[in-house]
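Secondary and tertiary structure notes
If you want the building blocks of each chain, they are given just below.
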Amino acid sequence: MSEVKNKMDFIKLLGPDISVKILTHLDDPCDLVRVSAVSNSWQRFVIENGLCKQLCLKKFPEISGVAHIIEVDNMIEPVSTMLGSSMNWECLKRNHNVYAFLASGLSPSMRKNCISKAISASSTDNYPEESVLNTLEPWDRTHYRASYWSSKGERDPSVPETLIYTLISRICLVTEIHVQPFQAYFEHGLPIYSAKAVRFKMGHPRYPVELEGFVADKITANHVLGDNQFVWTYTSPEFPMFQENCLQQFKLPEPVLCIGGVLLVEMLGRVQQEEIDDLFYICISHVRVVGRPLSPAFDVKIHHPSGKCTLKYYPHTDSSMSSSSSSSKRDSRTALRLRLRPLTSSLMQRGV
């Protein structure tokens, strides 16, 4: 049998339904970009069925609110407004390209501390010596003094506490969060003021002015932000915290795309009483967020108070695409497509 006869198009052979099921089982959405570069018919199949979007949503449900795709210069009508008529091919291609751009930046390979600033604590026992700012220090002692945040004392050990931080980018891929309880080395018995459990939330402020006055160098004991001042797009499961003086690592079940750049650390339950006043406290010496920022290739702008936001992609700032060594390994058609022009997608929060 000749080589020509051996070649076959399995998408045509298997049919659209089975082909979609096969392609949506790919591990990496970037693989779909390569699939769409095989031939014109495969490209059309991937785009018409929105396969890049399906895989992105499967890996990162935080972006399930993506509703509209627009072109920056022309402001073309979004696809969702054309459902009553035939789907516009150009709109479908823009939809595909936006998710292809996003998929190319959603690899958690680079790991670094993504915390930028501490902006609020639900309570502080002794300000400023025990401020939340101390949790940014990697050690529990600085300049020969203790460095930690302490809550106010409570007689009820079930009273929770929260710490709020901003991340180094308004759009970050977060994989782990580390929290270290503080051990009071200056108290009898060396007690450790941990919480019983921790939970994490990620999202963005409901209004833009709320974070402007909460920069790290102006934080005061009265700067407390309520939970209702934020839109949380992700809430983690509860993790048990051990009463141990170490940096405890809490790995999220799946990498989380934090859109808006705000993290809340919620400490649930208290385990340690202070001997002097018999009140329960929680004390934390260090918090770290492990992941990677998607900037400068990606940025997000929140439109308050609607909750809508605009996700922007700048292909020329993506070093992984611009470097000659990386681009030489990519299919030339795929690389060309990813360099055509920056697009934006208008995202809407769930339920809005």
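In this report, the structure presented in the accompanying data block is examined. (Residues numbered from 1 in each chain as written. Predicted model: local features only at pLDDT ≥ 70, side-chain atom pairs only at ≥ 80, totals over all residues. Heavy atoms only, no water.)

**Looking at the overall build of the chain**
When you go through the chain residue by residue, the secondary structure sums to 10 helices and 19 strands. Sorting the 352 residues of the chain into buried and exposed places 49% on the buried side. At a minimum sequence separation of 6, the contacts of the chain that also span at least 24 residues come to 77%. For the chain, the accessible surface area stands at approximately 17500 Å², while carbon and sulfur atoms represent 53% of it. (Helix = DSSP H or I, 4+ residues; strand = E, 2+ residues; numbered from the N terminus. Buried < 20%, exposed > 50% of the residue type's maximum accessible area, 1.4 Å probe, protein only. Contact = heavy atoms within 4.5 Å. Areas by Shrake-Rupley, 256 points an atom, 1.4 Å probe, with all protein chains shown as cover.)

**Focus: the pairing of strand β3 (residues 115-121)**
Among the 7 residues that make up β3, 5 are buried, leaving the element largely enclosed by the rest of the structure. Sheet topology note: the β3/strand β7 (residues 161-167) ladder contains 5 bridges and is antiparallel. Following the sheet pairing, Ser120 is matched in β7 by Ile164. (Pairing = 2+ DSSP bridges.)

**Some details on the environment of Asn97**
With respect to the helices, strands and loops of the structure, Asn97 is situated in helix α7 (residues 89-104). Asn97 gets classed as buried once you look at its relative accessible area, which sits at 11%. For the pair Asn97 and Ile47, spaced 50 residues apart in sequence, the C-alpha separation works out to 8.9 Å.

**Here we look at the packing of aromatic side chains**
The full count for this structure, using the stated rule, is 10 aromatic pairs. Judged by centre distance (6.0 Å) and plane angle (50 degrees), the ring pair of Phe200 and Phe250 falls under tilted. Taken together, the residues Phe200 in strand β9 (residues 195-205) and Phe250 in strand β12 (residues 248-259) connect sequence positions 50 residues apart. A relative accessible area of 0% means that Phe200 is categorised as buried. Chaining the aromatic ring pairs together yields one cluster made of Tyr148, Phe182, Tyr185 and Phe186. (Phe/Tyr/Trp six-rings, centres within 6.5 Å; stacked < 30°, edge-to-face > 60°.)

**Looking at the pairing of strand β10 (residues 230-235)**
Of all 6 residues making up β10, 5 are buried, and the element is well covered by its neighbours. Bridging between β9 and β10 involves 5 bridges; their strand directions are antiparallel. Bridge pairing in β10 links Lys201 to Thr235.

**A short note on the pattern of salt bridges**
Scanning the entire structure with this criterion turns up 5 salt bridges. Of the charged contacts, one joins Glu161 and Arg270 as a salt bridge, the two residues approaching to 2.5 Å between their closest N and O atoms. In this pair, Glu161 is assigned in strand β7 and Arg270 in strand β13 (residues 262-270), connecting sequence segments 109 residues apart. A single burial state applies to Glu161 and to Arg270, both of which are buried. (Salt bridge = Lys/Arg side-chain N within 4 Å of Asp/Glu carboxyl O.)

**Concerning the environment of Leu32**
Positionally, Leu32 belongs in helix α4 (residues 30-36). Look at Leu32 and you get buried, because its relative accessible area is 0%. Taking C-alpha positions, Leu32 is 9.8 Å from Trp42, a pair spaced 10 residues apart along the chain. The contact partners of Leu32, leaving out residues within four places of it in the chain, are Leu23, Leu26, Val46, Leu51, Cys52 and Leu55.

**Side note on the side chain of Thr162**
The topology assignment puts Thr162 in strand β7. Apart from residues no more than four positions distant in its own chain, Thr162 is found in contact with Ser120, Ala121, Ser122, Leu264, Val265, Glu266 and Met267.

**Regarding the side chain of Gln248**
Structurally, Gln248 is set in strand β12. In terms of polar contacts, Gln248 uses its side chain to reach the backbone carbonyl oxygen of Glu244, at 3.4 Å. When residues no more than four places from it in sequence are discounted, the contact partners of Gln248 are Ile177, His178, Val179, Pro181, Met241 and Phe242. (Polar contact = N/O pair within 3.5 Å; in protein donor to acceptor, adjacent residues only side chain to side chain.)

**Examining unusual backbone geometry**
At the junction of Tyr127 and Pro128, the peptide bond is cis and its omega measures out at 5 degrees in the coordinates. One can find Pro128 in the loop between β3 and β4 (141-142). A positive phi is found at Tyr144, a non-glycine position, where the angle reads about 65 degrees. Examined against the element boundaries, Tyr144 turns out to sit in the loop between β4 and β5 (145-146). For Tyr144, a relative accessible area of 89% gives the class exposed.

**Some thoughts on the nonpolar core**
Counting residues in hydrophobic clusters, the biggest one holds 31 residues, and the most contacted among them are Leu163, Tyr165, Val174, Val179, Phe200, Met202 and Leu263. When residues of this core are traced back to their parent elements, those giving at least two are β3, β7, β8 (171-181), β9, β12, β13 and β16 (283-293). Discounting residues that sit within four places of it in the chain, Tyr165 has contacts with Ile115, Lys117, Ala118, Ile119, Val132, Thr135, Leu136, Gly261, Val262, Leu263, Val265 and Val287. Within the second largest apolar cluster, 17 residues are counted, among which are Val35, Trp42, Phe45 and Ala100. (Core = buried A, V, L, I, M, F, W, Y, C linked by side-chain atoms within 4.5 Å.)

**Structural notes on helix α6 (residues 51-59)**
Those residues of α6 not exposed but buried are Leu51, Cys52, Leu55 and Cys56. In an axial view of α6, the angular spread of the buried residues amounts to 135 degrees, which keeps them on one side of the axis. (Arc of directions from axis to C-beta.)

Shape descriptors only; they carry no functional weight alone.
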